[in-house]
Amino acid sequence: MPKVTCPDCGRHIGMHELEAKTTAQSGGFSTRYRCPFCRTDMDDVTDHLA
């Protein structure tokens, strides 16, 4: 399972541990991810892959 490094707390988080929120927009969908430890939001987790 790929891991993501949180940009704020620096913890390595499994993709299955991230909290995801998907919202509908006029051009499609937008998904935001949140660190379960420090609650930091991430728009694109590919920038933070460990």
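Up top is the structure these notes are about.
What counts and how
- Along each chain, the written sequence defines residue order, and numbers are assigned to residues from 1.
- Residues qualify for local features only when their pLDDT is at least 70, as the model is predicted, and side-chain atom pairs are given and counted only at 80 or more; totals for whole chains, interfaces and linings, by contrast, use all residues.
- The basis for the side-chain values is all heavy atoms of the structure; hydrogens and waters are excluded.
- At least two bridges found by DSSP between two strands is the condition for calling them paired.
- Only runs of H or I of at least four residues qualify as helices and only runs of E of at least two qualify as strands under DSSP, and these elements are numbered from the N terminus.
- Pairing of aromatic rings covers Phe, Tyr and Trp, the last through its six-membered ring, and needs centres within 6.5 Å; plane angles under 30 degrees mean stacked, over 60 mean edge-to-face, and all others mean tilted.
- Each ring is checked for a lysine NZ or an arginine CZ that lies within 6 Å of its centre and within 35 degrees of its normal; such an atom marks a charge sitting over the ring.
- A simple rule labels every residue: compare its accessible area, found with a 1.4 Å probe on the protein chains alone, to the largest value its type can have, and call it buried under 20%, exposed over 50%, or partly exposed in between.
- Residue contacts follow a heavy-atom distance rule, with two residues in contact if any of their heavy atoms lie within 4.5 Å.
- Pairs of N or O atoms within 3.5 Å make up the polar contacts considered here, provided that, within protein, one atom can donate a hydrogen while the other can accept it, and that residues adjacent in sequence are counted only when both atoms are side-chain atoms.
- We call a set of buried Ala, Val, Leu, Ile, Met, Phe, Trp, Tyr and Cys residues a nonpolar core when their side-chain atoms join them within 4.5 Å.

> Mind showing me how you'd approach the sheet that holds strand 3 (residues 19–25) here?
The strands that make up a sheet are held in pairs by hydrogen bonds between backbone atoms, and each pair lies either parallel or antiparallel. Reading across the sheet, the three strands line up as 3-4-5 and stay open at both edges, with antiparallel pairing between neighbours. Two strands in the sheet have a free side with no partner beyond their single neighbour: strand 3 and strand 5 (41–42).

> Explanation requested: the packing of aromatic side chains in the structure shown.
Working definition: an aromatic ring pair is given by the centre-to-centre distance plus the angle between the planes. Overall, the coordinates contain zero aromatic pairs when judged by the stated rule. The ring of Phe-37 carries Arg-11 above its face, with NZ or CZ at 4.3 Å from the centroid.

> I tried to follow the environment of Arg-32 on my own but got confused; where do I start?
Examined against the element boundaries, Arg-32 turns out to sit in strand 4 (residues 28–34). Of the residues examined, Arg-32 reaches a relative accessible area of 36% and is grouped as partly exposed. For the pair formed by Arg-32 and Ala-20, sequence separation is twelve residues and the distance between their alpha carbons is 5.7 Å. Look past the residues within four positions of Arg-32 in its chain and what remains in contact with it is Glu-19, Ala-20, Lys-21, Asp-41, Met-42 and Asp-43. Of note is the side chain of Arg-32, whose polar atom sits 2.5 Å from the side chain of Asp-43.

> How should I be thinking about the environment of Asp-8 in this particular structure?
When you line up the elements, Asp-8 lands in the loop between strand 1 (3–5) and strand 2 (12–14). Asp-8 gets classed as exposed once you look at its relative accessible area, which sits at 59%. A C-alpha to C-alpha distance of 22 Å links Asp-8 and Ser-30, two positions 22 residues apart in sequence. Apart from residues no more than four positions distant in its own chain, Asp-8 is found in contact with Cys-38 and Thr-40. Polar side-chain contacts of Asp-8 include one of 2.8 Å to the side chain of Thr-40.

> Looking at this structure, how should I read the nonpolar core?
Most often, soluble globular proteins have nonpolar side chains that are buried together. Core analysis: the largest hydrophobic core is formed by seven residues, namely Val-4, Cys-6, Ile-13, Leu-18, Cys-35, Met-42 and Val-45. Setting aside its immediate chain neighbours within four residues, Met-42 contacts Val-4, Pro-7, Leu-18, Arg-32, Tyr-33, Cys-35 and His-48.

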